[in-house]
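# Fold and contact review
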Amino acid sequence: KAGVTQTPRYLIKTRGQQVTLSCSPISGHRSVSWYQQTPGQGLQFLFEYFSETQRNKGNFPGRFSGRQFSNSRSEMNVSTLELGDSALYLCASRPGATNEKLFFGSGTQLSVL
Amino acid sequence: AQSVSQHNHHVILSEAASLELGCNYSYGGTVNLFWYVQYPGQHLQLLLKYFSGDPLVKGIKGFEAEFIKSKFSFNLRKPSVQWSDTAEYFCAVNPYNNNDMRFGAGTRLTVKP
């Protein structure tokens, strides 16, 4: 089985631009979660989708949004980029139940200049 | 939402030393608990997990963790560390009834040969 795939692997943007990141979960997984990883802050939870519905949301501003498609693939969008948005964005999937582990992708490294 | 605290940001040990990494969480209900590890240049991967039953759980590579409900703690231990344990370790908490998994800030472990 292929793992969680995130594209692109690296992105460089400038302040004010917007960006879309993509995540393809493991086949059969219906839950997709997004995290922002920065040194010293660990993994900050962005949101979780299940069957195209956002079920959980972290404490990020409205500039951060996401969606999930019927094939469970997910995208997250960040509008009006700020320098502080520079981070590794991780996507993780699991079949659906809460007692299952998350399978992580390699992440998208976003640099905002 | 639940929160997770990891007390140690960076731990430096010599090989064969014993390891204990602290993790405390705040959440009033039943939780599932996890420890993940991120080796340099690799994906986050599961070390061990606790759902119910024996509060002492064993994971891969000789790691174990003990859930102490009264202290809201889930500390990670290993009797004798190896150089290859050098990595970043993340504690995570997931309420029993949803898919909202929150992570601590992480502890960077450096093991000197």
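So, how was this worked out
- Residues numbered from 1 in each chain as written.
- Chains lettered and ligands numbered in written order.
- Predicted model: local features only at pLDDT ≥ 70, side-chain atom pairs only at ≥ 80, totals over all residues.
- Heavy atoms only, no water.
- Contact = heavy atoms within 4.5 Å.
- Buried area = accessible area lost by both parts, 1.4 Å probe.
- Salt bridge = Lys/Arg side-chain N within 4 Å of Asp/Glu carboxyl O.
- Polar contact = N/O pair within 3.5 Å; in protein donor to acceptor, adjacent residues only side chain to side chain.
- Helix = DSSP H or I, 4+ residues; strand = E, 2+ residues; numbered from the N terminus.
- Nonpolar A, V, L, I, M, F, W, Y, C, P; charged D, E, K, R; others polar.
- Buried < 20%, exposed > 50% of the residue type's maximum accessible area, 1.4 Å probe, protein only.
- 1 Å grid on protein atoms, 1.4 Å probe; cavity = no way out; pocket = protein on both sides within 12 Å on 5 of 7 lines; lining within 4 Å.
- Points joined across faces, edges and corners; volume = space filled by probe spheres on them.
- Disulfide = S-S within 2.5 Å.

Where interface size is given, it is often the accessible area lost as the parts come together that is meant. With 22 residues of chain B at the contact, the number on the chain A side is 26 residues. Summed over both sides, the interface between chain B and chain A buries roughly 1,800 Å², with carbon and sulfur atoms accounting for 50% of that surface. Where chain B meets chain A, there are 0 salt bridges. Summed over the shared surface of chain B and chain A, the result is 10 residue pairs in polar contact (both at pLDDT 80 or more). Secondary-structure elements contributing two or more residues to the side of chain B that touches chain A are strand E5 (31–38), strand E6 (44–50), strand E10 (87–95) and strand E11 (102–103) of chain B. Examining the composition of the side of chain B that touches chain A, we find that 4 residues originate from one element, E5(B), more than from any other. In terms of residue class, the side of chain B that touches chain A is made up of 11 nonpolar, 8 polar and 3 charged.

Residues and elements named next belong to chain A. Going through the model one piece at a time under the given rule, you end up with 10 salt bridges over all chains. A salt bridge links arginine 55 to glutamate 48; its shortest N-O distance comes to 2.9 Å. Judged by relative accessible area, arginine 55 falls into the partly exposed class, the value being 38%. Under the relative-accessibility criterion, glutamate 48 is labelled buried at 0%.

With that settled, consider the layout of surface pockets. Of the pockets and cavities examined, the largest pocket occupies roughly 230 Å³. As for the largest pocket, its lining consists of 14 residues, and the residues nearest its centre are A:Leu43, A:Gln44, A:Phe45, A:Asn59 and B:Arg102. Where the lining of the largest pocket is concerned, the elements lending two or more residues are strand E5 (42–50) of chain A together with strand E1 (3–5) and E11 of chain B. Broken down by element, the residue count for the lining of the largest pocket peaks at 3 residues, all from E5(A). Taken together, the residues of the lining of the largest pocket sort by class into 8 nonpolar, 5 polar and 1 charged. Its boundaries defined by the atoms lining it, the second largest pocket holds a volume of some 180 Å³. Listed by contribution, the elements that provide at least two residues to the lining of the second largest pocket are strand E4 (31–38) of chain A together with E10 of chain B.

Attention now moves to unusual backbone geometry. Trans peptide bonds make up most of the peptide bonds, and negative phi angles are found at most residues other than glycine. Here the amide bond leading from A:Thr7 into A:Pro8 is cis, since omega sits at -10°, within 30 degrees of zero. Tracing the chain through its elements places A:Pro8 in the loop between strand E1 (5–7) and strand E2 (10–13). Positive phi, close to 80°, is recorded for B:Ala16, a residue that is not glycine. Relative to the elements of secondary structure, B:Ala16 occurs in the loop between strand E2 (10–14) and strand E3 (19–21).

Right, let's talk about the state of the cysteines for a bit. Applying the stated rule across the entire model yields 2 disulfides over all chains. Between the sulfur atoms of A:Cys23 and its disulfide mate A:Cys91 the distance is 1.8 Å. An S-S torsion of about -60° defines the bridge between A:Cys23 and A:Cys91 as left-handed. Taken together, the positions of A:Cys23 in strand E3 (residues 19–24) and A:Cys91 in strand E9 (residues 87–94) put the pair 68 residues apart, joining distant regions of the chain. On the accessibility criterion, A:Cys23 (0% relative accessible area) is buried. Across the disulfide, B:Cys23 is cross-linked to B:Cys91 (sulfur-sulfur distance 1.9 Å). Between B:Cys23 and B:Cys91, the S-S dihedral sits near -65°, and the bridge is therefore left-handed.

What is shown is where atoms sit, not what they do.
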